[in-house]
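Analysis of the macromolecular model
Each chain, letter by letter, is given below.
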Amino acid sequence: MDKEGIKRLFELACVGVTNEELARFQNEFKAILEYAAKLKEAPLGDLPPTLSMAPRTNVSREDRSVPVQDESLELLISQFPESKEKYLKTKNVFKK
Amino acid sequence: MVHSYIRDLHKKLVSKELSAIELLDSSHSLIEKQNSTINAFLEVWKTESQKEARLVDDRIKRGEEISMVAGIPLAVKDNILIEGRQVTAASKILEGYKASYSASVIQKLKTAGSVFLGRTNFDEFAMGGSTENSAYGATKNPHDVSRVPGGTSGGSAAAVASGMAPFALGSDTGGSIRQPAAFCGVVGFKPSYGRVSRSGLIAMTSSFDQIGSFGQSVEDAEILFRAIEGEDPLDSTTIAINEVISQKKEYIVGVPKEYFQEGLDKKIEETIRGSFKKIEGYSANWSVRFEEISLPNMSYALACYYMIMFAESSSNLARFDGVRYGARIEGDNLFDVYKNTRGAGFGTEVKRRIAIGTFVLSHGYYDAYYLQAQRVRTLISQDFQKAFESVDVIATPTTPTLPFKLGEKISDPLTLYLEDIYTVSVNLAGLPALSLPVGKVGGLPVGLQLIGKRFGDYALLDIAKRFEAAIA
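Keep in mind it's a predicted model, so treat the numbers as computed, not measured. Throughout this description, residue numbers start from 1 for each chain and increase along the sequence as written. Labels follow written order: the first chain is A, the first ligand is 1, and so on. The model is predicted, so local features are restricted to residues of pLDDT at least 70 and side-chain atom pairs to those at 80 or more, both for listing and for counting; the totals for chains, interfaces and linings are taken over all residues. Note: side-chain values were computed over all heavy atoms of the structure, leaving out hydrogens and water.

What follows deals with unusual backbone geometry. Residues and elements named next belong to chain B. The linkage connecting Gly151 with the following residue, Thr152, adopts the cis geometry, with an omega of 10°. Each helix corresponds to a stretch of at least 4 residues labelled H or I by DSSP, and each strand to a stretch of at least 2 residues labelled E; elements are numbered beginning at the N terminus. Turning to its location among the elements, Thr152 is positioned in the loop between β3 (115–120) and α5 (154–161). Positive phi, close to 65°, is recorded for Lys16, a residue that is not glycine. Mapped onto the elements of the fold, Lys16 is located in the loop between α1 (5–14) and α2 (20–38). Residue burial is assigned from relative accessible area. The probe radius is 1.4 Å, only protein chains are included, and a residue is buried under 20% of its type maximum, exposed over 50%, and partly exposed in between. With relative accessibility at 52%, the residue Lys16 sits in the exposed group. Its identity is not glycine, yet Asn39 carries a phi of approximately 55°, on the positive side. Turning to its location among the elements, Asn39 is positioned in the loop between α2 and β1 (41–44).

This is the structure:
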């Protein structure tokens, strides 16, 4: 995995990364992925994957709005990094 | 029967020999004396806990019955949400963030009359094995402050080991309760996956995470587990379990040979095998037989765990984007806001794991790494199922090394990952497990890991109490 490849991963994940971090990660990722390669040797036969130990059942609820307490709403709004009245303010999502 | 600190405190509260406020005051004064050195607590909720304690004292005065956990100061890992209180996941990206709802376990504990002492330090977003990855400084091991308390729940383990908190909540994804319990010489219990609700626990690896308990004895850890376990409609991975345990005349303990190979500290092995002798020689109306077993695919467990963990946690951390909550660093456009916020807000280990997780899930590599790991997971689960056909419990060392020095393993991530080698397989198979302190080497604690059958949590705790009595 080269520096450009790792840089691309950080772009995909939307995480800023410095040049020092990139240089460091190059060696580390190589070692980690080499260790992970031993999984290829596992005697799997035709075993299926286990995505979770929990039963695979879908959960649904009634499609109705549940009123939120004023205090909870105020708490949520107070956590917005930027707000206008009771709206969350963010950068334009349509502009490139 | 080993002394249960929590049961003792409960008796004293009910008999009014001690009040909840007095109990809280003693925790507060120990915290004042020790926390600046140990850094177990990131925040202590002094005023709120005093209100909670007074409410319990009032109930006792009125002659009302109180639960086993009522009025007893409880430390909470800083990844469990309490409405209106700060929760940071030990990260800069959530600095100052206040939870807008309480975790289901917290709701249960509130109803039970718990007194919440404060939030404890851990490795940022539960990524680490030593509590050195916290954005708020490392926690020190109370047995030797030049050493790590383990991780990720190092703060909770250290809080209990130092006496600052009678018991504590932690979370375990690959050993994050058991390993710090071993390093700090306390009991740490991770329930079966699906036994305790994860609603309100900041998600790390959703198919492994479980909230669990720390205590000074097995019964203390059990009392806390009993207060938090149960099916929750807010967490569809929880299951209602009606566990009935039977008293046996003989318990068969499986000792997997793969856990006693190269890489295990010889002194730890000596201590562990010494504890087996004590358990075997203990006089009681039950006996024990130790049998060597094989978990033949254990050598794949660590790689399997890490591939799944990188993938799931990189997905889970996508929500921290500077938009709705937490830190926000501005940029020219939305992408820059994400990049700048996440670049500045996440520590190095978090970035490392997000990047590898992104790789593992990407087109062209998904099958070779992620899907392959999930298939190896099936293989390892089957190894445990086969073993449990003939044994009641599996016993292994919790850690391959003694608590290491601060800074010793932080520069090479793979070396730190190898510390988890004995604990991760348990999370892959969703089994219950705990670490029991069984002795010391040069003053440093050694933990024995006991692994139970899936959903055999109380059965495991029962066996652990017997072994604890034998070793005492």
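Another point: a negative patch on the surface. A patch consists of residues exposed above 30% relative accessible area that lack any salt bridge, with like charges linked at up to 9 Å and nonpolar side chains (Val, Leu, Ile, Met, Phe, Trp, Tyr) linked at up to 5 Å. Surface accessibility follows the Shrake-Rupley procedure with a 1.4 Å probe radius. Residue values consider only the protein chains on display as shielding. Within this document, salt bridges are pairs made up of a side-chain nitrogen of Lys or Arg and a carboxyl oxygen of Asp or Glu, the two lying within 4 Å of each other. In this tally, Asp and Glu contribute negative charge and Lys and Arg positive charge; neither His nor the terminal groups of the chain are included. Lysine's charge is taken at NZ, arginine's at CZ, aspartate's at CG and glutamate's at CD. Taken together, the side chains of Asp70(A), Glu71(A), Glu74(A) and Glu83(B) make up a negatively charged region of the molecular surface. With respect to the element layout, Asp70(A) can be found in helix α3 (residues 70–78).

What follows is about the sheet that holds strand β10 (residues 433–441) of chain B. Residue and element names in this part refer to chain B. Following DSSP output, two strands are said to pair if at least two bridges run between them. As summarised here, the arrangement of the 11 strands in space is β1-β3-β2-β4-β6-β5-β10-β11-β9-β7-β8, forming an open sheet in which the pairing is mixed. Two strands close off the open sheet at either side, each with one partner strand: β1 and β8 (287–293). Looking at each pair of strands side by side, their axes are set apart by 30° on average, direction ignored. In this sheet, strand β9 (residues 393–397) lies alongside strand β7 (residues 250–256) in parallel orientation, the contact comprising 2 bridges. By the bridge assignment, Gly254 is partnered in β9 with Ile394. Simply put, an axis is a line fit to the C-alpha atoms, just over the touching stretch for a helix, and the angle between two N-to-C directions goes from 0 to 180 degrees.

So, on to the pattern of salt bridges. Should their charged atoms come close, side chains of opposite charge can pair. This structure, assessed with the given rule, holds 37 salt bridges over all chains. With its nearest N and O atoms 2.6 Å apart, the salt bridge here joins Glu28(A) to Arg352(B). With one member in each of two chains, Glu28(A) in helix α2 (residues 19–36) and Arg352(B) in helix α11 (residues 348–360) form a pair that bridges those chains. Residue Arg195(B) is joined to Glu229(B) by a salt bridge in which the shortest nitrogen-to-oxygen separation is 3.2 Å. One end of the pair, Arg195(B), is in the loop between β5 (187–190) and β6 (210–215); the other, Glu229(B), is in the loop between α7 (218–228) and β7, and 34 residues separate them in sequence. Across the pair, exposure class does not vary: Arg195(B) and Glu229(B) are buried alike.

Turning our attention to the side chain of Asn121(B). All names here are of chain B. In this structure, Asn121 sits in the loop between β3 and α5. We classify Asn121 as buried; its relative accessible area is 0%. Pairing of N or O atoms within 3.5 Å defines a polar contact, subject to two protein rules: one partner must be a possible hydrogen donor and the other a possible acceptor, and residues neighboring in sequence count only if both atoms are side-chain atoms. A distance of 2.6 Å separates a polar atom in the side chain of Asn121 from a polar atom in the side chain of Ser134.

Predictor confidence is given residue by residue as pLDDT, running from a minimum of 0 to a maximum of 100. The predicted model of chain B averages 96 in pLDDT, with 100% of residues at 70 or higher. Here the prediction assigns the complex a pTM of 0.97, and the interface score ipTM is 0.94.

What follows covers the packing of aromatic side chains. For Phe, Tyr and Trp, where Trp contributes only its six-membered ring, two rings pair if their centres lie within 6.5 Å, and the inter-plane angle classes them as stacked under 30 degrees, edge-to-face over 60, or tilted in between. Enumeration according to the criterion identifies 23 aromatic pairs over all chains in this entry. Aromatic pair Phe125(B) and Phe346(B): ring centres 5.8 Å apart, planes at 80°, arrangement edge-to-face. Of this pair, Phe125(B) sits in the loop between β3 and α5 while Phe346(B) sits in the loop between α10 (334–345) and α11, and the two are 221 residues apart along the sequence. You can call Phe125(B) buried: its relative accessible area is 4%. Ring plane angle 35° and centroid distance 6.3 Å describe the contact between Trp286(B) and Phe467(B), whose orientation is recorded as tilted. One end of the pair, Trp286(B), is in the loop between α8 (266–281) and β8; the other, Phe467(B), is in helix α15 (residues 457–471), and 181 residues separate them in sequence. For Trp286(B), a relative accessible area of 8% puts it in the buried group. Members of the aromatic cluster, each reached through a chain of ring pairs, are Tyr97(B), Phe125(B), Phe320(B), Tyr325(B) and Phe346(B). The ring of Tyr87(A) carries the charged tip of Lys86(A) above its face, separated from the ring centre by 5.3 Å. Between the NZ or CZ atom of Lys409(B) and the centre of the ring of Phe404(B), over which it lies, the distance is 5.3 Å. Counted as over-ring charges are cases with an Arg CZ or a Lys NZ within 6 Å of the ring centre that also lie within 35 degrees of the ring normal.

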